[in-house]
Amino acid sequence: MKSGSQKRNNQIKGGFKLWNPNLLGPDCLGWFQSNTLSGASGSTLSSWHDFGRQDAATGAGSEAPSVTDPQTDFRFRQSTYFVSQSDQHFTVGEAENDPFDVGTGDFMVSAMTKPPFDGLTPTINPIFGNGSAAGAGGRFDLSCRVFCPAVVGQGGESRVIVTTELGHPNFNDFVKNSGGISFNGVNDVAGASSMGPDYEGGTITCGILITAKRNSGVLTTHVNGVQIGGSTNSAGYTGSDVNLSNAFPATIGQNTFLEGIVMYHFDGSIFEVVVSTDADDDTQDKVEGYLAFKYGRQQDLISTHTYKNAPPFA
């Protein structure tokens, strides 16, 4: 029998229940929705409740982000707006018995994001970090960089470069995905029409739906349903070798803990984050379809996506 929260979280559409991450059950490690935040910013902003584990609300970082007004191009839903220069992030895990410490098992993070309102930046924008870069062992980092046109070496197009890292490059035990998608028609991907061919560094109106996962030891990264880039790894090292078990909490909007090294913070909006130990292709499609339709960004999905034309149902 479904719990009361499951019944409440299942929206009804035409007599059918829409799928949502609550239906992942124990596989849902974290489910963070910006509409559960209240307050303006800083100390007045509430902690971010985790609907995945249904436990206490998670603690804010050294300076909490702000909540945006409902955004018209995302079905009038609010987002959590991060300013990188202000060290804004959320700590969502725990130092011990962290549910995100999955060892060598499957792991998937999906997030609906939007680049900065005040222009684009090639600076690293961490979306989700799990682990520590202070020593060899478990570490997972998902980040993006957004380039405006005429950036030297980037071909003059508007691009999103997404990078996922497992392990520690400094200790020669890592696997890494890195790839980009152009939004001015160069790659002819979904979302290009939202920006237009004469985009000159203003606000990106399309959603950037990012998924990074380790499924059966294979690391892949996806933007709006498009698998991007390829994998590089240190000699003899695979995704199965990275053990995500450590004494550091996971974070949203900040990369993993780096002793004596510069920390990076997200710049822009994060609407929602879903973290799961179910990382198969069917579940990925459902999470992406759920996020795209919830925020009215299904037009940004690749044309061959399973849920391009209709949302997933329970």
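Going by the structure above, here's the rest.
Let me begin by describing the structure that accompanies this report. (Residues numbered from 1 in each chain as written. Predicted model: local features only at pLDDT ≥ 70, side-chain atom pairs only at ≥ 80, totals over all residues. Heavy atoms only, no water.)

1. Focus: the overall build of the chain
Along its length, the chain carries three helices and 17 strands. For the chain, buried positions account for 55% of its 314 residues. Only carbon and sulfur atoms are counted for the fraction: they give 50% of the accessible area of the chain, which is about 12500 Å². (Helix = DSSP H or I, 4+ residues; strand = E, 2+ residues; numbered from the N terminus. Buried < 20%, exposed > 50% of the residue type's maximum accessible area, 1.4 Å probe, protein only. Areas by Shrake-Rupley, 256 points an atom, 1.4 Å probe, with all protein chains shown as cover.)

2. Focus: the pattern of salt bridges
Per the counting criterion, the structure on display carries five salt bridges. D282 is paired through a salt bridge with K286; the nearest N and O atoms lie 3.5 Å apart. Taken as a pair, D282 and K286 lie in helix α3 (residues 281-294) at a separation of four residues, close to a single helical turn. Given a relative accessible area of 43%, D282 falls into the partly exposed group. Taking relative accessible area as the criterion, K286 reaches 22% and is therefore assigned partly exposed. Across the pair R297 and D300 runs a salt bridge, and its minimum N-O distance is 2.8 Å. (Salt bridge = Lys/Arg side-chain N within 4 Å of Asp/Glu carboxyl O.)

3. Side note on the pairing of strand β13 (residues 218-223)
Both faces of the sheet carry side chains from a regular strand, because those side chains alternate between them. Burial of β13 is extensive: five of the six residues sit out of reach of the surface. Strand direction decides the pairing type here: strand β12 (residues 208-215) and β13, joined by six bridges, are antiparallel. Bridge assignment links A212 to a residue of β13, and that residue is T221. What sits between the antiparallel neighbours β12 and β13 is a turn of two residues, in which S216 has the positive phi angle 55°. With two bridges connecting them, β13 and strand β14 (residues 226-227) associate as antiparallel partners. Considered in β14, the bridge of V223 is made with V226. Turn length for the β13-β14 hairpin, with the two strands adjacent in sequence and antiparallel, is two residues, and the turn residue N224 shows positive phi of about 50°. (Pairing = 2+ DSSP bridges.)

Geometric descriptors of this kind do not, in isolation, establish any biological role.
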